[in-house]
Amino acid sequence: MPAPNEAATAALSQAEFELFAELGRPRHVEAGQVLFRRGELGTTMFVVARGAIDLDFGDDLVTKRLGPREFFGELGLLIGDHARSADAIVAGPGLLIELRHEEFQRLVDRNAGLVCHFLRRAIMRVVLNEQGLIRRLRRRNQDLEAALDSLYATTHQLNQTEELVRTDELTGLYNRRGLTLHLQEARALGMPQTLGLVLVDCDRFKQVNDDHGHLAGDRVLQSVANIMRSVAGPDDIACRLGGDEFCLLVSAGHAHDVMRFAEFIVATTQNLMLMPQSPPTICPVSVGACMVDPRADWNDWYARADEALYQAKRKGGNRVHWQDAALEPV
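Along each chain, residue indices are assigned from 1 in the same order as the chain's sequence is written. Where local features are concerned, this predicted model is filtered to residues with pLDDT of at least 70; where side-chain atom pairs are given and counted, the filter is 80 or more; whole-chain, interface and lining totals use all residues. Side-chain numbers come from the whole structure's heavy atoms, not from hydrogens or water.

Attention now moves to the sheet that holds strand 7 (residues 71-72). A pair of strands is labelled paired if DSSP reports no fewer than 2 bridges between them. In DSSP terms, a helix is any run of H or I states spanning at least four residues, a strand is any run of E spanning at least two, and both are numbered starting from the N terminus. Reading across the sheet, the 4 strands line up as 1-10-4-7 and stay open at both edges, with antiparallel pairing between neighbours. At either margin of the open sheet sits one strand with a lone partner, and together these are strand 1 (25-29) and strand 7. As paired strands, strand 4 (residues 45-50) and strand 10 (residues 94-99) are joined by 5 bridges and run antiparallel to one another. Across the sheet, residue valine 47 finds its bridge partner in strand 10, namely isoleucine 97. Any pair of residues with heavy atoms lying within 4.5 Å of one another is described as a contacting pair. Axis definition: a line fitted to C-alpha atoms, limited for helices to the stretch in contact. Angles are taken between N-to-C directions and run from 0 to 180 degrees. Its contacts with the sheet put helix 2 (residues 14-23) on strand 1, strand 4 and strand 10, and the angle it makes with strand 4 is roughly 105°.

We now examine the nonpolar core. Take the buried Ala, Val, Leu, Ile, Met, Phe, Trp, Tyr and Cys residues and link them wherever side-chain atoms come within 4.5 Å; each set so joined is a nonpolar core. Partly exposed describes any residue whose relative accessible area lies between the buried limit of under 20% and the exposed limit of over 50%, with all areas from a 1.4 Å probe on protein chains only and scaled to the type maximum. Ranked by internal contacts, the top residues of the largest apolar core, which has 31 residues, are Val198, Val200, Met228, Phe246, Leu248 and Ile265. Looking at this core, the elements with two or more residues in it are strand 11 (195-202), helix 7 (205-212), helix 8 (214-231), strand 13 (245-251), helix 9 (255-273) and strand 14 (285-292). Top element by residues in this core is helix 8. It accounts for 8 residues. Grouped together as the second largest cluster of nonpolar side chains are 19 residues, Ala186, Leu195, Leu241 and Val292 included.

This next bit is on the packing of aromatic side chains. Two aromatic rings from Phe, Tyr or Trp, using only the six-membered ring of Trp, form a pair when their centres are within 6.5 Å; if the ring planes differ by under 30 degrees the pair is stacked, by over 60 it is edge-to-face, and anything between is tilted. Summed over the entire model, instances satisfying the criterion amount to 7 aromatic pairs. Judged by centre distance (5.1 Å) and plane angle (65°), the ring pair of phenylalanine 71 and phenylalanine 118 falls under edge-to-face. Note that phenylalanine 71 is positioned in strand 7 and phenylalanine 118 in helix 5 (residues 112-166), a separation of 47 residues in sequence. Neither residue differs from the other here; phenylalanine 71 and phenylalanine 118 are each classed as buried. One aromatic cluster is present, built from ring pairs that chain together Phe20, Phe71 and Phe118. A cation sits over an aromatic face here: arginine 84 above phenylalanine 36, 4.2 Å from the ring centre. Charge-over-ring contacts are defined here by two conditions on Lys NZ or Arg CZ: a distance within 6 Å of the ring centre and an angle within 35 degrees of the ring normal.

A separate point is the pattern of salt bridges. It is possible for side chains of opposite charge to pair when their charged atoms get near one another. Every case where a carboxyl oxygen of Asp or Glu lies within 4 Å of a side-chain nitrogen of Lys or Arg is listed as a salt bridge. On inspection of all chains with the given rule, the structure shows 17 salt bridges. Between aspartate 54 and arginine 65 there is a salt bridge whose closest N-O contact spans 2.7 Å. One end of the pair, aspartate 54, is in strand 5 (residues 53-56); the other, arginine 65, is in strand 6 (residues 64-66), with 11 residues separating them in the sequence. The exposed category is assigned to arginine 65, whose relative accessible area is 53%. Salt-bridge contacts for arginine 100 lead to glutamate 102; the nearest nitrogen and oxygen are separated by 3.4 Å. Given the relative accessible area of 26%, arginine 100 is considered partly exposed. Overlapping salt bridges bring together Arg25, Arg100, Glu102, Glu103 and Arg106 as one network.

To continue, consider the sheet that holds strand 13. Across the sheet, 5 strands lie side by side as 12-13-11-14-15; this open sheet has mixed pairing. At either margin of the open sheet sits one strand with a lone partner, and together these are strand 12 (237-242) and strand 15 (320-322). Ignoring strand direction, the axes of neighbouring strands in this sheet form an average angle of 20°. In the sheet, strand 11 pairs with strand 14 via 8 bridges, with the strands oriented antiparallel. Residue pairing across strands places aspartate 201 opposite serine 286, the latter belonging to strand 14. In the packing of helix 6 (residues 176-189) onto the sheet, contacts are made with strand 12 and strand 13, and the angle to strand 12 comes to roughly 135°.

Spatial relationships are all this shows, so hold off on functional conclusions.
What follows is the structure in structure tokens.
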């Protein structure tokens, strides 16, 4: 029984080579000649008598060069119509010994013991090649898993970064940039036919900061944000525009639908104000509401809602004002 490293060389012994050369068919070959392509069915085995053959297994596998007394294509001979696993290309002028089924049968008749020894070595070579392929596949799978893990981590980090860019750190609502990006994406996908805008501004917020400090002011802003978040539906977007100003963009078909949002925000803050607070966790708000034209831009929408908010403030705050008439575009 040959040692594993001897089998892996695919080289015939001198006695085997002489027998194969005697009974096989000589075939002269030239450089660049293609003996067969990967995937083609074959029934012929070859032995290199002179010159060299390159076996190209494709993908990222190393090309194997065979020299004198080395053999290839034996599975096609032994199994019949076996799909070739590599391209076989002649590296330089040389001579091959070609063996088909009839020649192989004559080999068996001439020296069955020698052929049996060859077959054992050929089988061992197939096993060693299969084991090598399994190792390569395992390494490739490990590399692929590592690459996928790295890709997942990078994607997760990018998503987190994108979320930070879009989100107000204090309240967790969209910031002005997040609102702008949302509107750009919505316009690309198709805006709803009807939209309502609710603009919210805290009343006497400066007094909260002056009397109780900025931490108390932050808690007030977070409370208003929670109210905005609770009223927003899956197709709506709540945003902190900056300072103590918020907005809610809603998909609504009628004015009374938008007013329900606005009135809920004011009523909720009023009810929370009735609870004992020291320091305060909420303050009254003024709200301006209007319908907006999806075809117009944000500046037009904001101008209409801001006019309504101004009217609510002018009347003492802690209320909703509806803006009905259209303004001139900004």
